[in-house]
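# Coordinate analysis (summary)
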Amino acid sequence: MPAQSFTQQLLSLLARTSFRLGQFKLSSGGTSDYYIDSRTTTLHAEGGRVTGHALVELLEQNGIGADAVGGLTLGADPIVSNVATASAWRAISHPGSPLLHGFLVRKAEKAHGTGRRIEGFCRAGARVVIVDDVCTTGASTITAIESAREAGMPVVAAVCIVEREEANGRPAVEAAAEGAPFLRLFTANEVRGEHVRQLDPQPS
């Protein structure tokens, strides 16, 4: 049997560790019969590794060249760290591959020290990719896009691990991205389908 790709491994882990059926209230104010707690996967040792590599490959497949990846704390934190690390491993095995540095966007500016909104990499003119875990309304992604632009860093793509395909999320992100592509690894229905398959792996 051929080895699973990083994307396939990530889907399997998300379905097993992050997907839950039930009745849930969402941060958008709506309700849903499922919930995806992506951090149980992105903070998982193996889940973090495959998250980073799957997203690096997604960017390569779509011809996205960037200097850094970043997103709004807290959901983006492990994604940013794992993508940055995966890019470093990629550069070792594929000399010349670009390093993707990481930055995090605070929900509010620090009230002490430098008082800045962005932590980590921050260089005017640098091309950046905004990442998020689950996109519903797209509000977190949009906040990070706006903060990166305010810091003088053009956004070349926005990426989420799972798109719920509701609440006008994609059109809102695409409008904020101003022509930069909005990419996803999975739809919520794909994660649900894999979750159900794992519950009953044998065809009836």
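In case you missed it, the structure is sitting above this.
Parameters at a glance
Residues numbered from 1 in each chain as written. Predicted model: local features only at pLDDT ≥ 70, side-chain atom pairs only at ≥ 80, totals over all residues. Heavy atoms only, no water. Helix = DSSP H or I, 4+ residues; strand = E, 2+ residues; numbered from the N terminus. Buried < 20%, exposed > 50% of the residue type's maximum accessible area, 1.4 Å probe, protein only. Contact = heavy atoms within 4.5 Å. Polar contact = N/O pair within 3.5 Å; in protein donor to acceptor, adjacent residues only side chain to side chain. Salt bridge = Lys/Arg side-chain N within 4 Å of Asp/Glu carboxyl O.

### Describing unusual backbone geometry
- Going from T73 to L74, the amide bond is cis rather than trans, its omega being 25°.
- Position of L74 among the secondary structure elements: in the loop between β3 (68-72) and α4 (77-93).
- At E165, a residue that is not glycine, the phi angle is positive and equals roughly 60°.
- The topology assignment puts E165 in the loop between β7 (155-163) and α6 (169-177).
- What makes E165 partly exposed here is its relative accessible area of 46%.
- Positioned with a positive phi, E178 is a non-glycine residue whose angle comes to about 55°.

### A short note on the environment of S18
- Relative to the assigned elements, S18 resides in helix α1 (residues 6-18).
- A sequence separation of 100 residues divides S18 from I118, and the C-alpha atoms of the two residues are 28 Å apart.
- Once residues lying within four places of it in the same chain are set aside, the contact partners of S18 are L13, Y35, I36, D37, S38, T40 and T41.
- A distance of 2.9 Å separates a polar atom in the side chain of S18 from a polar atom in the side chain of T40.

### Description of the pattern of salt bridges
- In the structure shown here, the tally under the stated rule is 14 salt bridges.
- Notably, a salt bridge pairs E174 with R170, separated by 3.1 Å at the nearest N-O pair. With E174 and R170 both in helix α6 and four residues apart, this pair spans about one turn of that helix.
- Among the ionic pairs, E194 bridges to R197, the shortest N-O distance being 2.9 Å. Pair noted here: E194 and R197 are both in helix α7 (residues 188-199), with a separation of three residues, about one helical turn.
- Each member of the salt-bridge network shares a partner with another, and the members are E163, E165, R170, E174 and R184.

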